[in-house]
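Topology and contacts: notes
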Amino acid sequence: MDISKQVVIISGANRGLGKQLALELLSRGAKVYAGARKPESVDLPGAIPVQLDITDPHSVMAATEIASDATVLINNAGTATGASLLTGNLDDIHLEFNTHLFGTLSMVRAFAPIIEKNGGGSILNILSVLSWVSIGQEGAYTAAKAAAWGLTNVLRLELAPKNIKVAGLHVGFMDTDMMAGSDAPKSAPEDIAKIAIDGIEADHYEILGDEISQQVQQGLAGGIPALYPQLFQ
Ligand SMILES: NC(=O)c1ccc[n+]([C@@H]2O[C@H](COP(=O)([O-])OP(=O)(O)OC[C@H]3O[C@@H](n4cnc5c(N)ncnc54)[C@H](OP(=O)(O)O)[C@@H]3O)[C@@H](O)[C@H]2O)c1
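The protein is annotated in an unreviewed UniProt entry as SDR family oxidoreductase of Paenibacillus kyungheensis.

1. A short note on the site of the ligand
Taken together, 28 residues form the shell around the ligand, and within it Asn14, Arg15, Tyr141, Gly172 and Thr176 come nearest. Between Asp53 and the ligand, the recorded distance is 2.9 Å, taken from a side-chain N or O atom to a nitrogen atom. Computed on the free molecule, the ligand has an accessible area of 900 Å², of which 94% lies beneath the protein chains in the complex. Of all the elements in the fold, those that place two or more residues in the shell around the ligand are helix H1 (16-27) and helix H4 (139-159).

2. Overview of unusual backbone geometry
The residue Glu138 is not glycine, and still its phi comes out positive at about 55°. Here Glu138 is to be found in the loop between strand S5 (121-126) and H4. Overall, the relative accessible area of 29% leaves Glu138 in the partly exposed class. In this structure, Asp203 takes a positive phi of about 60° despite not being glycine. Mapped onto the secondary structure, Asp203 falls in the loop between helix H5 (189-201) and strand S7 (206-208).

3. Quick notes on the side chain of Glu96
Topologically, Glu96 is positioned in helix H3 (residues 90-117). It turns out Glu96 is buried and unbridged, and the closest side chain with the opposite charge, Lys145, is 8.0 Å from it. Each residue touching Glu96, except ones within four places of it in the same chain, is listed here: Thr79, Ala80, Thr81, Gly82, Leu101, Ala140, Tyr141 and Ala144.

4. Quick look at the sheet that holds S5
Strands belonging to one sheet form pairs held by backbone hydrogen bonds; the direction of such a pair is parallel or antiparallel. If you trace the 7 strands from one edge of the open sheet to the other, you get S3-S2-S1-S4-S5-S6-S7, paired in parallel fashion. Of all the strands in the sheet, just strand S3 (48-51) and S7 have a single pairing partner and so form its edges. Taking each pair of neighbouring strands and ignoring which way they run, the sheet shows an average axis angle of 20°. Of the pairings in the sheet, the one linking strand S1 (residues 7-10) to strand S4 (residues 72-75) comprises 3 bridges and is parallel in character. Across the sheet, the residue bridging to Ile10 is Ile74, located in S4. Sheet contacts for H4: S5, strand S6 (164-170) and S7; angle to S6, the most-contacted strand, approximately 155°.

5. Some words on helix H2 (residues 57-66)
Residues three or four positions apart in an α-helix share a direction because the helix packs 3.6 residues into each turn. Regarding H2, the residues found buried are Ser59, Val60, Ala63 and Thr64. Buried residues of H2, seen end-on, are gathered within an arc of 145° and therefore sit on one face of the element. Residues of H2 that are exposed and point more than 90 degrees away from the buried face comprise Pro57, His58 and Glu65. With a side-chain oxygen lying 2.9 Å from the backbone nitrogen of His58, the N-terminal cap of H2 falls on Asp56.

Calculation notes
- Numbering of residues starts from 1 in each chain and follows the order in which that chain's sequence is written.
- Reporting in this predicted model follows two pLDDT cut-offs: at least 70 for local features of residues, and 80 or more for side-chain atom pairs to be given and counted; totals over whole chains, interfaces and linings ignore these cut-offs and use all residues.
- To get the side-chain values, all heavy atoms of the structure are used, and hydrogens and water are removed first.
- Only heavy atoms are used to decide nearness, and a residue is near a molecule or strand if one of them lies within 4 Å of it.
- Counting of polar contacts relies on pairs of N or O atoms within 3.5 Å, with two restrictions inside protein: one atom must be capable of donating a hydrogen and the other of accepting it, and residues adjacent in sequence are counted only when both atoms are side-chain atoms.
- Only the protein chains shown count as cover for residues, and all accessible areas are computed by the Shrake-Rupley method using a 1.4 Å probe.
- Where helices and strands are cited, they refer to DSSP runs of H or I of at least four residues and of E of at least two residues respectively, numbered from the N terminus.
- Each residue gets one of three labels from its accessible area relative to the maximum for its type: buried under 20%, exposed over 50%, partly exposed in between, using a 1.4 Å probe on protein chains only.
- Charged residues are defined narrowly, with Lys and Arg counted positive, Asp and Glu counted negative, and His plus the chain ends left uncounted.
- Definition used for salt bridges: Asp or Glu carboxyl oxygen within 4 Å of a side-chain nitrogen of Lys or Arg.
- In what follows, residue pairs with any heavy atoms lying within 4.5 Å of each other are defined as contacts.
- Pairs of strands are assigned from DSSP output, requiring at least two bridges between the strands.
- Note on method: axes are straight lines fitted to C-alpha atoms, helices fitted across the in-contact stretch only, with angles between N-to-C directions ranging 0 to 180 degrees.
- Of all possible arcs, the one meant is that of the directions from the helix axis to the C-beta atoms.

Spelled out as structure tokens, the structure:
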């Protein structure tokens, strides 16, 4: 796909990875709709700010009327409450699923017909290494990201005949507000944005952002003993 000819809508483009994705796309000549809950928080010269709360069907519908020439959708918006599945606040657990699973689905249901009408294109879902593996914390986020991976796999097959390629980006930790409280080694979001857009341009279905994603993907073949050796000690 020639990205310079694409019209891209990104959710959560006002900060973090979403902002870096928008900057990378603008630098490659794409037209960019920068979706944000507060469009006044978008600081991206050349992009078109669009009010977008992916958990609000009215907001999603209004965005389709503005970005009616879209050919690429990037589902980037995300939350990380840190909620445990067993003891966390149920509202937080619902928020994770309402954002990562149902919000993403709502965006795909709204924009896939538009992309199809515009001649086809791509959808990129920002997933995580936690779509594949649990690190024993972040239970609600991990389960919601795993659900978003399942959604990505289903939609890949369902949208291929409509000339829409659905890709997933898996990445470990990035240096954004979401991970501000963590000391773990983190990738620069601008580097991950480049890898993500390279992946779309190369028509990849699965994009691995960093070494930890590559290692965990390889570990999947080893099953539970490879992924969770602590269970066998
Ligand atoms: N950071 C990491 O280590 C990491 C690792 C793997 C995957 N990811 C994924 O990467 C994506 C971007 O995360 P980030 O690290 O850039 O996080 P971030 O800096 O916390 O940014 C999150 C973005 O999502 C937006 N957002 C949240 N809920 C939304 C909603 N209902 N509707 C529209 N926008 C919403 C936020 O908007 P507001 O400004 O309005 O809050 C913000 O723009 C997420 O899907 C995340 O799960 C992150």
